[in-house]
Amino acid sequence: MTVSATALAADPTLLDIDEEVREALHEGRPVVALESSAIPHGLPYPANLDLALDIDAAVRAEGAVPARVALLDGRIRVGMTKDQLELFAADPAVPKVSTRDMGITLARGGSGATTVSSSLVAAELAGIRVFAVAGIGGVHRDAPDTFDISADLVQFTRSKVAVVCAGAKSMLHPAWTLEWLETAGIPVLGYRCDDFPAYLSVSSGIPNPHRLDDLREIAAVVLAHWRAGNATSPLITHPIHEADGIPSADIEAALADATAEARAAGVSGPAITPYLLKAISKATAGRTSAANRAVLLSTASLAGQFAGQFALELAAQAKADA
C-alpha cells in the first residue's frame, strides 16, 4: 500500500482554534501562545486557575491575544476558554504531554496539558509566531551520566516560533544549555540584559551571545533569521525583576541538597524537575512561589509587547515586498 505525502503532512484539521484567536491571526494582530502543563501540575486549585487568568490578562494588557494550548478529547486546542482552564486547574490527574506523547494522546481521543515542546508544535500549526514561558528546559547537570536533555531544546530546532523566556530553569546547567543551543543554531537574544537569566534569579553568570535593547530591532532579527531559510526558534531572554528574584547563591545551596536527596530516593527522568522545584521551594521558605508568579507575569507581559512589535515588522516587510 502506498501512503501519500499529504496523508503524512501536518494536519491543521486537528486544530480547534478559539474564535478570538482565529480572528486575530486572520487580521494580523498580535497573538501569544502559552503552555498548559503548569495549570494542573503547578499551584493547587484555585490558585492555579487565578494565576493562569492573570497571565492571560498580562498578555492582553499589552494589546495581544493569549492562546493557551492543550489537548482536549483527541484534538489540539489553541486558545482555552475559562471553563476549559477551570477543568484543567481542578484536575491534577490531567497528564503532562510533550511532543513524544502527542500522537498517542490524540489517537486515543485523550486530553493532556502541553509542555513547551508540544505547545510549540501546536503554535506553529496554528500560525502563531510568538510563545511565552518563564523558564525553558535545557541540559541537566547530570547529563554526562544520564543524557537528560529537555525535549524543549530539540523542538527549538523544528519550530519557527520566537520564544520569550527568563532563561532556563534553575536546576539546569546554563553553560551546557547555551552550548547546545549554539550547536543547534538557535539565536539567543538578551533583551536589555548582558547575562543569560536563570529563571528565578536575575543572572546565571553566563553572558548572552547577543544583547539588544529595542524590541522592534529584535523583531527584525527574528524575521531576518527565518527569511534567510532558518527554521529554528529564536530565544528572547529577559530576567525576573531584581526585587522579585532569589539570589543565585540561595538557589545553588538548596539545589545541592535537593539533588542529593533525589539521587538517594531514586528520582529521575520527567519526575526530577518537579521534585527539585518543590525541594527548592521548601528550602527557601516558599520564596520560589512568589518569584515564579512574578516571572510568569513579567514574561507574559514582555511577550505581549514583542508580539505587537513583530506584527508591525511583518506588516512593514509585506509592504516592502509588495
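For the structure itself, consult the block above.
So, a few notes on the structure that sits alongside this text. Here the structure is a predicted model, which is why all the values come from computation and not from measurement.

Before going further, it helps to spend a moment on the packing of helix α2 (residues 47–61) against helix α3 (residues 82–89). Where α2 contacts α3, the axes come no closer than 9 Å and their chain directions differ by 140°. In this structure, α2 crosses over α3, and the sense of that crossing is right-handed. When α2 is examined against α3, the residues Asn-48, Leu-49, Ala-52, Leu-53 and Asp-56 are found in contact with a partner set consisting of Lys-82, Leu-85, Glu-86 and Ala-89. Classifying every residue of the contact of α2 with α3 gives five nonpolar, one polar and three charged.

All right, on to the pattern of salt bridges then. Under the counting rule described, the total for this entry stands at 14 salt bridges. Between Arg-227 and Asp-321 there is a salt bridge, with the nearest N and O atoms lying 3.0 Å from each other. Separated by 94 residues along the polypeptide, Arg-227 in helix α9 (residues 215–227) and Asp-321 in helix α12 (residues 287–321) bring together distant segments of the chain.

Of the two faces of strand β9 (residues 188–191), the one carrying Val-188 and Gly-190 and the one carrying Leu-189 and Tyr-191 are both buried. Pairing analysis gives three bridges linking β9 to strand β10 (residues 210–212), with the strands arranged parallel. From the neighbouring strand, Leu-189 faces β10, where its bridge partner is His-210.

Attention now goes to the environment of Ala-175. Summarising the element assignment, Ala-175 is placed in helix α8 (residues 174–183). Each C-alpha atom of the pair Ala-175 and Phe-196 lies 9.3 Å from the other, and the pair is 21 residues apart in sequence.

The next point concerns the nonpolar core. Val-78, Phe-156 and Phe-306 are the most contacted members of the largest nonpolar core, which totals 85 residues. The residues touching Phe-306, leaving out its near neighbours within four places in the chain, are Val-130, Ala-162, Val-164, Leu-215, Ile-218, Ala-219, Val-222 and Ile-236. One finds Ile-39, Met-80, Leu-85 and Ala-113 within the second-largest nonpolar core, a separate group that totals eleven residues.

Cut-off values and rules
- Residues numbered from 1 in each chain as written.
- Predicted model: local features only at pLDDT ≥ 70, side-chain atom pairs only at ≥ 80, totals over all residues.
- Heavy atoms only, no water.
- Axes fitted to C-alpha atoms, helices over the stretch in contact; angles between N-to-C directions.
- Helix = DSSP H or I, 4+ residues; strand = E, 2+ residues; numbered from the N terminus.
- Left-handed = near helix turned anticlockwise from the far one by under 90°.
- Contact = heavy atoms within 4.5 Å.
- Nonpolar A, V, L, I, M, F, W, Y, C, P; charged D, E, K, R; others polar.
- Salt bridge = Lys/Arg side-chain N within 4 Å of Asp/Glu carboxyl O.
- Buried < 20%, exposed > 50% of the residue type's maximum accessible area, 1.4 Å probe, protein only.
- Pairing = 2+ DSSP bridges.
- Core = buried A, V, L, I, M, F, W, Y, C linked by side-chain atoms within 4.5 Å.

Shape is all these values report; function is a separate question.
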